[in-house]
Structure formats: C-alpha cells, structure tokens
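Commentary on secondary and tertiary structure
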Amino acid sequence: MSIVGDYMEDRIKISILMDYYKELLTDKQKDIMELYYNQDLSLSEISELTDTSRQAIHDLIKRCNKLLIDYEYKLKLVEKSNKLRKVKDIIIEKINRLEEQSDSETFKSSLQEIKNTIVENI
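Residues numbered from 1 in each chain as written. Predicted model: local features only at pLDDT ≥ 70, side-chain atom pairs only at ≥ 80, totals over all residues. Heavy atoms only, no water.

1. Things to note about the domain arrangement of the protein
Under the convention used in this document: Either an automatic procedure or a domain database provided the assignment from which the domain bounds are taken.
Assigned domains of the protein: these are domain 1 (3-75) and domain 2 (79-121). Taking only C-alpha atoms into account, the centre of domain 1 sits 37 Å from that of domain 2.

2. So, helix H3 (residues 43-50)
To be explicit about the condition: Summary of the burial criterion: residues with accessible area below 20% of their type's maximum are buried, those above 50% are exposed, and those between are partly exposed, where the area comes from a 1.4 Å probe applied to protein chains only. Only DSSP runs of H or I reaching four residues or more are called helices, and only runs of E reaching two or more are called strands; each is numbered from the N terminus. Regarding the arc, it is the one traced by the directions from the helix axis to the C-beta atoms. Contacts are assigned to residue pairs that have any heavy atoms within 4.5 Å of one another.
Along H3, the residues that are buried comprise Leu43, Ile46 and Ser47. One side of H3 holds all its buried residues, which, seen down the axis, span an arc of 105°. Exposed and oriented more than 90 degrees from the buried face of H3 are Glu48 and Leu49. Buried residues along H3 sit against helix H2 (27-38) and helix H4 (54-75). Count one or two residues on from H3 and you reach aspartate 51, which has phi positive near 55°.

3. Comments concerning the packing of aromatic side chains
What characterises a pair of aromatic rings is the spacing of the ring centres plus the angle enclosed by the ring planes. Using the following cut-off: Between rings of Phe, Tyr and Trp, where Trp is taken as its six-membered ring, a pair exists when centres lie within 6.5 Å; planes separated by under 30 degrees are stacked, by over 60 edge-to-face, and by other angles tilted. Here, over-ring charges are defined by two tests on the NZ atom of lysine or the CZ atom of arginine: distance to the ring centre within 6 Å, and angle to the ring normal within 35 degrees.
Per the stated rule, a full pass over the model turns up 3 aromatic pairs. Judged by centre distance (5.9 Å) and plane angle (45°), the ring pair of tyrosine 21 and tyrosine 71 falls under tilted. A residue pair is termed long-range when its members are at least 10 positions apart, and tyrosine 21 in helix H1 (residues 3-21) and tyrosine 71 in helix H4 qualify at 50 residues. Site record: aromatic cluster; members linked through ring pairs are Tyr20, Tyr21 and Tyr71. One Lys or Arg, arginine 11, reaches over the ring of tyrosine 36 and ends 4.7 Å from the middle of that ring.

4. Describing the nonpolar core
Spelled out, the test is: Residues enter a nonpolar core if they are buried and are Ala, Val, Leu, Ile, Met, Phe, Trp, Tyr or Cys, with the set joined through side-chain atoms within 4.5 Å.
If you look at the biggest cluster of nonpolar residues, it comprises 19 residues, and the most contacted ones within it are Ile14, Met33, Ile46, Ile61 and Leu68. Contributions of two or more residues to this core are made by H1, H2, H3 and H4.

Written out as structure tokens, the structure reads:
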C-alpha cells in the first residue's frame with residue numbers, strides 16, 4: 001500500500017479506536033484527539049485553539065495513539081465487535097435461506113421475528 005494509503009488507514013483505525021475508548025482519555029486528550037482525527041485540524045490549528053505548543057500537541061497525540069492501541073490490545077472491544085458483526089451476518093443469511101425454503105407463513109413469521117430481534121439488539 002502507498003504511504004498515503006497507510007496514513008489514511010492509520011487515521012481510520014485510530015478514529016475507530018476513539019469511538020470505543022475515548023471515554024478512557026482525559027478531557028484534554030479527548031478534545032485534542034477529536035480535533036485532530038474527527039475535525040481534521042492540523043497540529044498548528046489545534047495549537048492555536050488550545051494555546052499549547054505544536055510539539056506538545058504532537059506528543060499528546062502520539063501518547064494517546066499508543067494508549068488507544070494498548071486499550072484495544074488488552075480489551076479487544078473492536079475485535080469482539082467485528083466478530084459479533086460477522087456472526088450476526090451469517091445468522092441473518094441462514095434465516096433468509098430458511099425463509100426462502102419454507103412454505104409455512106407461521107414459520108416465516110417466526111423467522112422474521114428472530115431476525116428482527118437479532119438486528120435490533122446485536
């Protein structure tokens with residue numbers, strides 16, 4: 001993958017980790033990471049907004065990236081969520097096949113209820 005592709009992939013990964021773990025960061029860390037990753041502000045822009053040196057912003061972002069990656073390594077919430085999503089998709093697909101094969105409207109209705117419960121709760 002190209003350098004630009006790697007850069008974007010890393011930004012997306014950190015943004016996803018933020019969705020799961022940002023509440024474990026301090027308010028200042030959270031604010032700066034939101035500005036950098038979700039609002040796409042530069043280090044200089046964040047530095048001006050927060051009245052903090054550009055180097056301090058850079059260091060904080062690096063430190064937070066490491067923290068977020070460590071949280072995922074230990075807690076595996078993103079990994080578990082991805083696995084659950086895959087299992088959900090497999091179950092829904094199997095229910096769809098059962099619905100197609102069934103002639104019973106009662107059975108189809110029951111399958112639809114099961115599918116709705118899965119979609120709404122997982």
